[in-house]
Amino acid sequence: MAILFQMGVQARVTGFGKDCQTSIGSLLKKQYVPGFKHVVRVSKKRGLFQSLRGRNLRICFQRVASTVVEKDEIEWQNADCSAEQLSIVMKFGGSSVATAERMREVANLILSCPDEKPVIVLSAMGKTTNKLLQAGEKAASCGVSNVSGIDELRFIKDLHLKTLNELGIDKAVISGLLEELEQLLKGIAVMKELTVRTRDYVVSFGECMSTRIFAEYLNKIGTKARQYDAFDIGFMTTDDFTNADILEETYPTIAKRLREDWSSSHAIPIITGFLGKGSNFSAVTTLGRGGSDLTATTIGKALGLKEIQVWKDVDGVLTCDPNIHPQAELVPYLTFEEAAELAYFGAQVLHPQSMRPARESAIPVRVRNSYNPHSPGTLITKERDMSKAVVTSIALKSSITMLDIASTRMLGKYGFLAKVFSIFQDWHISVDCVATSEVSISLTLDPSKLCSRELIQQELDHIVEELEKIAVVKLLQNRSIISLIGNVHRSSLVLEKAFNVLRRKGVNSQMLSQGASKVNISIVVHDSEAKECVRALHYAFFENTNDFNHESSLETN
Ligand SMILES: Nc1ncnc2c1ncn2[C@@H]1O[C@H](COP(=O)(O)OP(=O)(O)O)[C@@H](O)[C@H]1O
Ligand SMILES: N[C@@H](CC(=O)OP(=O)(O)O)C(=O)O
């Protein structure tokens, strides 16, 4: 088995089993060259090495310049592939570790797969993040002497101390953090303000405590575990507090740290989800709500693990939010593209950015239910059989802002769209959906980019003021985007069906947008009509057995 590098750029893959060739091919761009059975373009050498980790192969790398084999042959036995190597990442969300009882169950779940050597990512216990945010906000206005009495602070202390007690763990494990948290809240009370930077620091206590408790519990029951704060092991991010992006340098740094520690002693890594360290100020940052999913996929990519599991309180990704419609059904398979669109367009079950690292490294993601571990969950991969798919799932993003912008210039004048988008760029606001005609444009603004700011209304007013220099602008608030994620080859059918449903309900769509990828058709309606529309669409696409989603005689475009 050998991979021959040509000029360090191309590689000929010989002697592998079909699986391995496919996995290499799926990670690296394939190129077929005459005379070569299978040629892959090596985009990143590090990526290639990682892609082979976790696979039980002995592989020899030889560098060749044209036809001459260089002397510096690299022989690399895939020692990392033994059963002793870290193999999967398992992320448990807040609902999975909400109580001592839940922590015990999660520990059992981890120990029930002795063949796997997992990296564990944990969120804060239950609703701790919300409580920390509320405590921070109250501290900014309640006065220093009242901080100790803030209900949310008491709740957090009680929950964590009770958990320690029930698990039989010494409270010293987190008592320092609890004291520090109270001091921090007093500091906020003195300053009478809660900046985004301080807010991130406050919420970080949730994950810092849950991981310490869980690691201590595993050690207590005889399973070696080591706790890590993500911001201390190389999770570097932008300085966008409350919504930071992971920086590239994170991947090699955390891989090195985790591998080195693991090879010195096989203790299960228990890592804080959601947190990072900003590159400029070295302050704690957070990755946006639900960001532990992104922590998990980042670790999966960094270590080239064979699977990323995200454990939730639902059976997997469902056909819509079960809180909106309890008849939502499990979606057994999704592509990365579908999952990313679903997450971006409001399906809370996955963090919007979390699919990126998994897609880049082609590592399958499994969404599973820690309350029902026997359910197979949803498997997310690069490709899947789409022959029977019409609509896969429906997502809803509410309380969004929409702008109707009609040009005041003459018809056909160029530069209008460029000017409009440059205004959004100047204000660092991203746009979700766009629909244009020659003289007008309708668009929706990404609420996550707005919500993390303090002066939302003032910013919007400024944007409108700028736009009014070139256009007539209508600002429409309280709108919802309903996104139908589904089969690219059946978009006409999806549109026909969806508009029939809306017509029957007497709802007028205020905007329609279909991305270039066409896996997503977005319809904008008023907030007040949105949930009812989702229920009606769900019924039409998933429950009415006479309907399109179930027709076997469908024509594919
Ligand atoms: N399409 C969907 N499929 C499954 N769950 C969804 C969907 N849309 C919204 N949800 C909500 O997402 C929740 C799970 O996500 P989340 O709360 O982030 O989990 P965790 O905190 O365990 O990581 C579910 O309880 C459900 O209410
Ligand atoms: N604790 C953080 C991060 C997170 O990922 O949580 P969860 O996995 O419970 O959605 C939050 O509540 O946003």
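Placed above this text is the structure.
We now turn to the structure provided with this report.

Cut-offs applied
- Along each chain, residue indices are assigned from 1 in the same order as the chain's sequence is written.
- Chain letters start at A and ligand numbers start at 1, both assigned in the order the entries are written.
- Local features in this predicted model are restricted to residues whose pLDDT is 70 or higher, and side-chain atom pairs enter the listing and the counts only when it is 80 or higher, whereas totals over whole chains, interfaces and linings include all residues.
- Note that the side-chain values use all heavy atoms of the structure and ignore hydrogens as well as water.
- Proximity is defined per residue: if any heavy atom of the residue lies within 4 Å of a molecule or strand, that residue is considered near it.
- By the criterion applied in these results, polar contacts are pairs of N or O atoms within 3.5 Å in which, for protein atoms, one can donate a hydrogen and the other can accept it, and in which residues neighboring in sequence qualify only through two side-chain atoms.
- Here the open area of atoms and residues is found with the Shrake-Rupley method and a 1.4 Å probe, where only the protein chains shown may cover a residue.
- Three residue categories are used. Nonpolar comprises Ala, Val, Leu, Ile, Met, Phe, Trp, Tyr, Cys and Pro, charged comprises Asp, Glu, Lys and Arg, and polar comprises the others, including Gly.
- The criterion is simple. A nonpolar core is a set of buried Ala, Val, Leu, Ile, Met, Phe, Trp, Tyr and Cys residues joined through side-chain atoms within 4.5 Å.
- Burial classification: accessible surface area is computed with a 1.4 Å probe over protein chains only, and a residue below 20% of its type maximum counts as buried, one above 50% as exposed, and the rest as partly exposed.
- For the purposes of this entry, the term helix denotes a DSSP run of H or I that reaches at least four residues, the term strand denotes a run of E that reaches at least two, and both are numbered from the N terminus.
- Contact criterion: two residues are considered in contact whenever any of their non-hydrogen atoms come within 4.5 Å of each other.
- Axes here mean lines fitted to C-alpha atoms, for a helix over just the part in contact, with angles spanning 0 to 180 degrees between N-to-C directions.
- What makes a crossing left-handed is the near helix being turned counterclockwise from the far one by less than a right angle; a clockwise turn instead makes it right-handed.
- Picture the helix axis, draw a direction to every C-beta atom, and the arc is the one those directions span.
- Paired strands, as defined in this entry, are two strands with at least two bridges between them according to DSSP.
- For this analysis, a ring pair means two rings from Phe, Tyr or Trp (six-membered ring only for Trp) whose centres lie within 6.5 Å, classed as stacked if their planes differ by under 30 degrees, edge-to-face if by over 60, and tilted for the remaining angles.
- Whether a charge sits over a ring depends on NZ of Lys or CZ of Arg being within 6 Å of the ring centre and within 35 degrees of the ring normal.

Time to look at the site of ligand 1. Looking at ligand 1, there are 17 residues lining it, with Lys91, Asp313, Leu318, Asn323 and Gln348 nearest. One of the side-chain N or O atoms of Ser95 is found 3.1 Å from an oxygen atom in ligand 1. Separating a nitrogen atom of ligand 1 from a backbone N or O atom of Leu318 is a distance of 2.8 Å. Against a free-state accessible area of 570 Å², the protein chains account for coverage of 89% of ligand 1. Looking at side-chain class alone, the shell around ligand 1 contains seven nonpolar, six polar and four charged residues.

We now examine the nonpolar core. If you look at the biggest cluster of nonpolar residues, it comprises 53 residues, and the most contacted ones within it are Phe92, Ile120, Phe214 and Ile270. Within the residue set of this core, elements represented by two or more residues are β8 (88-92), α3 (100-111), β9 (118-122), α4 (128-142), α5 (151-167), α6 (172-191), α7 (196-220) and β12 (268-272). Top element by residues in this core is α7. It accounts for 10 residues. When neighbours within four sequence positions are excluded, Phe214 is seen to be in contact with Met103, Val106, Ala107, Ile110, Ile120, Leu122 and Ile270. Residues Trp262, Ala296, Ala339 and Val365 belong to the second largest nonpolar core, which totals 52 residues.

Okay, the site of ligand 2 next. With respect to spatial proximity, the complete set of residues near ligand 2 consists of Lys91, Gly93, Gly94, Ser123, Ala124, Thr129, Glu207, Phe274, Arg289, Gly290, Gly291 and Ser292. Take Thr129: an N or O atom from its side chain is 2.7 Å from a nitrogen atom of ligand 2. Here Arg289 contributes a side-chain N or O atom positioned 2.7 Å from an oxygen atom of ligand 2. With the chains in place, 83% of the 340 Å² that ligand 2 exposes on its own is no longer accessible. For the shell around ligand 2, the residue count by class is two nonpolar, seven polar and three charged.

A separate point is the packing of α4 against α7. Where α4 contacts α7, the axes come no closer than 9 Å and their chain directions differ by 145°. Judged by the twist between their axes, the crossing of α4 over α7 is right-handed. Seen from α4, the contacting residues are Thr128, Thr129, Leu132, Leu133 and Glu137; seen from α7, they are Arg199, Val202, Val203, Phe205, Gly206 and Glu207. Taken together, the residues that form the contact of α4 with α7 break down as five nonpolar, three polar and three charged.

Looking now at the environment of Lys220. By secondary structure assignment, the location of Lys220 is in helix α7. Between the C-alpha atoms of Lys220 and Leu167, which are 53 residues apart in sequence, the distance is 9.2 Å. Those residues in contact with Lys220, other than ones at most four positions away along the chain, are Leu167, Gly168 and Ile169.

Owing to its 3.6 residues per turn, the α-helix aligns residues three or four sequence positions apart on the same side. Here helix α12 (residues 416-426) has its buried residues at Phe416, Val420, Ile423 and Phe424. Across the axial projection of α12, the buried residues extend over an arc of 95°, all falling on one side. Among the exposed residues of α12, those pointing more than 90 degrees away from its buried face are Ala418, Gln425 and Asp426.

Turning to the pairing of strand β18 (residues 378-381), a few remarks are in order. Of the strand pairs in this sheet, strand β16 (residues 333-335) and β18 are connected by three bridges, and their pairing is parallel. Along β18, the bridge assignment pairs Thr335 with Thr381. With three bridges joining them, strand β17 (residues 365-369) and β18 adopt antiparallel strand pairing. Looking at the pairing, Val365 lines up with Ile380 of β18.

At Thr242, a position not held by glycine, the phi torsion is positive, near 75°. Inspection of the secondary structure assignment puts Thr242 in the loop between β11 (236-237) and α8 (250-264). Residue class for Thr242 comes out buried when judged on its relative accessible area of 17%. Of note in the backbone geometry, Ala362 takes a positive phi value of approximately 55° without being a glycine. For Ala362, the location among the structural elements is in the loop between α11 (355-361) and β17. The exposure class assigned to Ala362 is partly exposed, which follows from its relative accessible area of 26%.

Our next topic: the packing of aromatic side chains. Scanning the entire structure with this criterion turns up three aromatic pairs. Ring centres 5.8 Å apart and planes at 20° place the aromatic pair Phe92 and Trp311 in the stacked group. Separated by 219 residues along the polypeptide, Phe92 in strand β8 and Trp311 in strand β15 (residues 307-312) bring together distant segments of the chain. The same class applies to Phe92 as to Trp311, namely buried. Ring geometry for Tyr344 versus Phe345: centroids 5.1 Å apart, planes at 80°, classification edge-to-face. Above the plane of the ring of Tyr251 lies Lys301, whose end atom (NZ or CZ) is 4.2 Å from the centre.

That's the geometry; what it means functionally is another story.
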